[in-house]
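For reference, the chains in residue letters:
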Amino acid sequence: AMVRKLSAWRVLSDDDREAILGLPFTARAFTPDEVIVEEGAEPTHVCVLRAGYLYRQKLVGSGARQILAVHLPGDIADLHNALLARADHS
């Protein structure tokens, strides 16, 4: 899904495609109510969505949930978390 999505923006060379497909990964299924990354947690991985939908959220001062983004298959959902010491949202 990620290669398809990137190919929609730019033609990928065979080397680019092989490099992406050669990245190490662990496939995992999540339940609909399962949190992938908890706000405040130390990031340990980057998530590429293969199927379904997910959203990023932040709890605001009143306790309400603010949806920051909705992700579709092929999206790299939390790449920016890899640059942070602690996740700033779930």
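What counts and what doesn't
- Residues numbered from 1 in each chain as written.
- Predicted model: local features only at pLDDT ≥ 70, side-chain atom pairs only at ≥ 80, totals over all residues.
- Heavy atoms only, no water.
- Helix = DSSP H or I, 4+ residues; strand = E, 2+ residues; numbered from the N terminus.
- Buried < 20%, exposed > 50% of the residue type's maximum accessible area, 1.4 Å probe, protein only.
- Contact = heavy atoms within 4.5 Å.
- Lys, Arg positive; Asp, Glu negative; His and termini not counted.
- Charge placed at Lys NZ, Arg CZ, Asp CG, Glu CD.
- Axes fitted to C-alpha atoms, helices over the stretch in contact; angles between N-to-C directions.
- Left-handed = near helix turned anticlockwise from the far one by under 90°.
- Nonpolar A, V, L, I, M, F, W, Y, C, P; charged D, E, K, R; others polar.
- Pairing = 2+ DSSP bridges.
- Patch = residues over 30% accessible without salt bridge, like charges linked within 9 Å, V, L, I, M, F, W, Y side chains within 5 Å.
- Areas by Shrake-Rupley, 256 points an atom, 1.4 Å probe, with all protein chains shown as cover.
- Salt bridge = Lys/Arg side-chain N within 4 Å of Asp/Glu carboxyl O.

### Side note on the overall build of the protein
Item 1. When helices and strands are tallied, the protein shows 2 helices and 2 strands.
Item 2. Counting helices and strands in the order they occur from the N terminus, the protein gives α-α-β-β.
Item 3. Principal-axis analysis of the C-alpha atoms places the extent of the protein at approximately 50 × 25 × 25 Å.
Item 4. In the protein, which comprises 90 residues, the share counted as buried stands at 22%.
Item 5. Looking at the protein alone, contacts between residues at least 24 apart form 50% of all its contacts between residues at least 6 apart.
Item 6. Mean positive and mean negative side-chain charge positions of the protein (10 and 12 charges, respectively) differ by 4 Å.

### A word on the packing of helix 1 (residues 2–9) against helix 2 (residues 14–21)
Item 1. Here helix 1 crosses helix 2 at 150 degrees, and the two axes come no closer than 10 Å. Crossing of helix 1 over helix 2 shows right-handed handedness. Of helix 2, the residues touching helix 1 (which contributes Met-2, Val-3, Leu-6 and Ser-7) are Arg-17, Ile-20 and Leu-21.
Item 2. Partitioned by chemical class, the residues of the contact of helix 1 with helix 2 number 5 nonpolar, 1 polar and 1 charged.

### A word on the side chain of Gln-57
Item 1. Within the fold, Gln-57 resides in strand 1 (residues 54–59).
Item 2. Sequence-distant contacts of Gln-57, that is, excluding residues within four places in its chain, are made with Arg-65, Gln-66, Leu-68, His-89 and Ser-90.

### Thoughts on the pairing of strand 2 (residues 65–71)
Item 1. Where strand 1 lies against strand 2, 6 bridges are found, and the strand directions are antiparallel. The residue of strand 2 that forms the bridge with Gln-57 is Ile-67.
Item 2. In this antiparallel pair of consecutive strands, strand 1 and strand 2, the connection spans 5 residues, and Gly-63 shows a positive phi of 95 degrees.

### A short note on a nonpolar patch on the surface
Item 1. A surface patch of nonpolar side chains, amounting to about 540 Å² of accessible area, comprises Tyr-53, Tyr-55, Ile-67, Val-70 and Leu-72.
Item 2. Residue placement: Leu-72 occurs in the segment after strand 2.

### Observations concerning the environment of Leu-6
Item 1. On the secondary structure map, Leu-6 appears in helix 1.
Item 2. Classification of Leu-6 by relative accessible area gives partly exposed; the value is 34%.
Item 3. The spatial distance from the C-alpha of Leu-6 to the C-alpha of Asp-75 is 9.2 Å, given a sequence separation of 69 residues.
Item 4. In contact with Leu-6, not counting residues within four places along its chain, are Leu-12 and Ile-20.

### Details of the side chain of Ser-90
Item 1. Inspection of the secondary structure assignment puts Ser-90 in the segment after strand 2.
Item 2. The contact partners of Ser-90, leaving out residues within four places of it in the chain, are Val-35, Val-37, Glu-38, Glu-39, Tyr-55, Arg-56 and Gln-57.

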